[in-house]
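Inside the fold
Residue strings, one per chain:
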Amino acid sequence: MTELLKPVVRAKILLVEDDEDDYIITRSHLDELTSLDSQLTWVTNSTDGLQKLTEGYFDVCLLDYQLGAETGLSLLQQAVAAGISTPIIMLTGQPDKQLDLQALEYGAADFLVKSELTEARFARAIRYALSRREFELERLNRMQLEADNRSKDRFLAHLSHELRTPLSSILGYTELLLESDTAEEARPELNIILNNGKHLLSLLNDILDLSKITANKLELRPEPTSLRHILLDIYTLLKVTAVDNGLTLTVNSLTSLPVLITVDSTRLRQVLINLIYNAIKFTDSGGITVDLWVQKADGKEMLYFRVTDTGVGIPAGQLKDIFAPFMQVEDYLTRKKGGAGLGLAISAELIQRMGGSIDVVSEERKGSVFTFCVDPGDISDTQRCYFNPEQRLNDGHNRQGKITLSGEVLIVDDLADLRKLAGYWVKAAGASVDFAENGSQAIEKVKRKLDSGSSYSLILMDLHMPDIDGREATSMIRSLGYQYPIVALTAAMAKDIRQQLAGLGFNDVLSKPITKHHLYRTLRSYLTGPTVLQSDVQPAEKKLHFLVVEDDAEAAQLMQILLESLGVTATLAQSAEECMQLLALHHHFDRILLDMGLPDCNGLQLVERIEHSYPENVVIIVSGHDYEPAVSSSAIVQQSIVKPLSKQTLNQIVSTCR
């Protein structure tokens, strides 16, 4: 029977030994180990031994306990203290249990008694030491990789802040000028600035998305979603761009489509906008057609999209690389059109994470066809219809108007232009404004207010400031006894940041660059006084529509009866999933009365889902006990009311909506 050969292990071994006879014996033992191909280096003292170990060249060190007047334990301690990862095997002349335990305690990988040394024992000790070194190197490499990732995350957060801060000024002041009558003649140029600023913001978001994908930190949040809403939003947004470029944009449904699908609507929009915008960008004449249909694949119904253009096309040799990051079609038209080559790579990754795939067929000077599918969830019992983009949704919440609020807002930011911009928007909403240019000044102003018996209604606090940053300033302001809302302003949005900041005393977070739309939503949620919609021509009063989320049928029906007696239409949902389905269909309710004890979802989790997918809504928490809205750290939670609800309480809620 043929004996299986063991693999030969190669090792660079350092022997620290002051006795030449022991060196010869050790070398003889190593030569007899047929399974070990060793390269032995011999030094006779601890100083040379430490120097050699510091070089990091050796796989194993054999260290004699007795080195003249010194002991090997001293060298062992120095090596461990210096962070040397080479495993050290202690060699002793006589068995000494106390010495052996001490050597292991100091960090030795093993100990061997010279007089009892056999080939098998020697081989086992060296193999164990080599395995330990390999494990240690893997651990160090893993720690270094994690440190590199943390460093990259910090760099990206810093880069995001440094880029978003000037973008806040560029976009904000450009919008201000476009809204005013003072720059009428420069309107075309201002629109160019605004569009290019938005392009830079989109590019920044792409880079951050790609970094999240690389670090496997990109999370998808599938929710019941109205496919019609997604298609109408995209059609309305991109049709203008197509017409401005002399192109047509057509959206067709080849089969009846599900009314509701379960996807991450934000990411599906991102993919469609990217593909359709690319088609517009690379098409000089003709048009873009988007076809949708439902088709079974591997026994499951999938939702398919096909984006066809009559543009420049893609060379056949480059189709295989089209979805690789930073890859662009090497064509003078592509270079002329610009772009970073990130959109298709990110889209392909998002589609894969949504359970689908993407493919492209193209011919130069004739156009391209991108086809992809996503998993729409279980649509077997979902109502279906054909899509007509010209049939608009009648959303009453889209009324144009001006909000009127009351209260005083403290804006804390070290950049004067951002303070000025945010202040302009807050004043336009009817509130008064005060400013602080750093954390120290903010603390002092809040203290003076409290000492005088008054207080700011809301603080907008930038997180990244010199001296005292927003986090430290907020902690100190809360310690003064300030009880009103504090909203963080940051360009470095990260996972779980809301929970982290809530623990420091923040109520909410606004991402830079701050838009007027998002700022007004925050102001409406936190400032005192009613929010009123005004316009030059007063429309007929619209009937209010509330969503009541309550699993107790009797309590829900009672609220419905009370609300309808106040002239409010009330729609009922008995679970979180039913709530999200109704939001997918309607997108907006004048108020959502949300019970905290639902059978399928925690109330706070449902608030987070609503804010993520439908942030224009206002939630009023209904609970069996006193509940502090600030605990949710959500901008859409306006107040909390305690059961049982009275008609008077509901009337107060209704009056704030009129």
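One can find the structure itself at the top, above this paragraph.
The model shown is predicted, which means the values in this text are computed figures rather than measured ones.

1. Section: the packing of aromatic side chains
The tally for this structure, following the rule as stated, stands at 6 aromatic pairs. Plain terms: the ring middles of Phe305 and Phe372 are 4.8 Å apart, the flat faces sit at 10° to each other, and that makes the pair stacked. Placement of the pair is Phe305 in strand β13 (residues 300-309) and Phe372 in strand β15 (residues 367-374), with a sequence separation of 67 residues. You'll find Phe305 and Phe372 in the same group, each marked buried. Each ring, one from Phe323 and one from Phe370, has its centre 6.3 Å from the other, and the planes form 80°; the classification is edge-to-face. A residue pair is termed long-range when its members are at least 10 positions apart, and Phe323 in the loop between β13 and α9 (332-337) and Phe370 in strand β15 qualify at 47 residues. Here Phe323 falls in the partly exposed class, since its relative accessible area comes to 22%.

2. Description of unusual backbone geometry
Residue Arg365 is not a glycine yet carries a positive backbone phi of 65°. Residue Arg365 is classed as exposed on the basis of its relative accessible area, which comes to 72%. We note that His587 has phi near 70°; this positive angle belongs to a residue other than glycine. Tracing the sequence through the fold places His587 in the loop between α17 (576-586) and β26 (591-595).

3. A closer look at α17
Among the residues making up α17, those that are buried are Ala576, Cys579, Met580, Leu582, Leu583 and Ala584. Looking one or two residues beyond α17, the residue adopting positive phi is His587, at roughly 70°.

4. Let's talk about the side chain of Asp264
Locating Asp264 in the fold gives a position in the loop between β11 (260-263) and α8 (265-281). Although Asp264 lies buried, it forms no salt bridge, and the closest oppositely charged side chain, Arg267, sits 4.9 Å away as judged by the N-O distance. Among the polar contacts made by the side chain of Asp264, one reaches the main-chain amide nitrogen of Arg221 at a distance of 2.8 Å. Setting aside residues up to four positions removed in sequence, Asp264 forms contacts with Glu219, Leu220, Arg221, Pro222, Glu223, Met354 and His612.

5. Looking at the sheet that holds strand β25 (residues 569-573)
Spatially, the 5 strands line up as an open sheet ordered β25-β24-β26-β27-β28, and their pairing is parallel. Two strands close off the open sheet at either side, each with one partner strand: β25 and β28 (637-642). Sheet twist, expressed as the mean angle between neighbouring strand axes with direction ignored, is 20°. Bridge count between strand β27 (residues 619-623) and β28: 5 bridges; the pairing is parallel. Paired with Ile620 across the two strands is Gln639, which belongs to β28.

6. Considerations on the side chain of Asp110
For Asp110, the position within the fold is in strand β7 (residues 110-113). Apart from the residues within four sequence positions on either side, Asp110 is in contact with Ile88, Ile89, Met90, Leu104, Arg121 and Ala125.

7. So, the packing of α8 against helix α10 (residues 343-353)
Working note: a packed helix pair is described by the angle between its axes plus the distance between those axes. Where α8 meets α10, the axes come as close as 10 Å, and the angle between the chain directions of the two elements is 140°. In terms of crossing hand, the pair formed by α8 and α10 is left-handed. For the pair α8 and α10, contact is made by Arg267, Gln270, Val271, Asn274, Leu275 and Asn278 and by Gly343, Leu344, Ile346, Ser347, Leu350 and Ile351, respectively. By residue class, the composition of the contact of α8 with α10 is 6 nonpolar, 5 polar and 1 charged.

8. A word on the sheet that holds strand β19 (residues 432-436)
Taken together, 5 strands build an open sheet; the order of strands is β19-β18-β20-β21-β22 and the sheet is parallel. Two strands lie at the open edges of the sheet, namely β19 and β22 (508-511), each paired on one side alone. Across the sheet, the axes of successive neighbouring strands diverge by a mean angle of 20°, strand direction being ignored. When strand β21 (residues 486-490) meets β22, the two strands line up parallel, connected through 4 bridges. Its bridge partner being in β22, Ala488 is matched across the sheet by Val509. Along the sheet, helix α15 (residues 516-526) makes contact with β18 (408-412), β20 (458-462), β21 and β22, crossing β22 at roughly 165°.

9. Focus: the packing of helix α7 (residues 227-244) against α8
Running from N to C, α7 and α8 point in directions that differ by 25°, and their axes come no closer than 10 Å. In this view, α7 runs roughly parallel relative to α8, as classed from their interaxial angle. Pair α7 / α8 crosses with right-handed handedness. Here α7 contributes His229, Ile230, Asp233, Ile234, Leu237, Leu238, Thr241 and Ala242 to the contact with α8, which in turn contributes Ser265, Leu268, Arg269, Leu272, Ile273, Ile276, Tyr277 and Ile280. Each residue belonging to the contact of α7 with α8 can be placed in one class, and the counts come to 11 nonpolar, 3 polar and 2 charged.

10. Considering a negative patch on the surface
Among the surface-exposed residues, Asp18, Asp19, Glu20 and Asp21 lie close enough to one another that they form a single negatively charged patch. As for its position among the elements, Asp18 is in the loop between β1 (9-16) and α1 (20-32).

11. Some thoughts on the pattern of salt bridges
One pass over the structure, following the stated rule, counts 14 salt bridges. Between Asp375 and Lys300 there is a salt bridge, with its nearest N and O atoms 3.2 Å apart. Here Asp375, found in the loop between β15 and β16 (384-385), pairs with Lys300, found in strand β13; they are 75 residues apart in sequence, far enough to count as distant. Across the salt bridge formed by Glu437 and Arg419, the nearest N and O atoms sit 4.0 Å from each other.

The rules behind the values
Residues numbered from 1 in each chain as written. Predicted model: local features only at pLDDT ≥ 70, side-chain atom pairs only at ≥ 80, totals over all residues. Heavy atoms only, no water. Phe/Tyr/Trp six-rings, centres within 6.5 Å; stacked < 30°, edge-to-face > 60°. Helix = DSSP H or I, 4+ residues; strand = E, 2+ residues; numbered from the N terminus. Buried < 20%, exposed > 50% of the residue type's maximum accessible area, 1.4 Å probe, protein only. Lys, Arg positive; Asp, Glu negative; His and termini not counted. Salt bridge = Lys/Arg side-chain N within 4 Å of Asp/Glu carboxyl O. Polar contact = N/O pair within 3.5 Å; in protein donor to acceptor, adjacent residues only side chain to side chain. Contact = heavy atoms within 4.5 Å. Pairing = 2+ DSSP bridges. Axes fitted to C-alpha atoms, helices over the stretch in contact; angles between N-to-C directions. Left-handed = near helix turned anticlockwise from the far one by under 90°. Nonpolar A, V, L, I, M, F, W, Y, C, P; charged D, E, K, R; others polar. Parallel < 35°, antiparallel > 145°, perpendicular 65-115°, else oblique. Patch = residues over 30% accessible without salt bridge, like charges linked within 9 Å, V, L, I, M, F, W, Y side chains within 5 Å. Areas by Shrake-Rupley, 256 points an atom, 1.4 Å probe, with all protein chains shown as cover. Charge placed at Lys NZ, Arg CZ, Asp CG, Glu CD.

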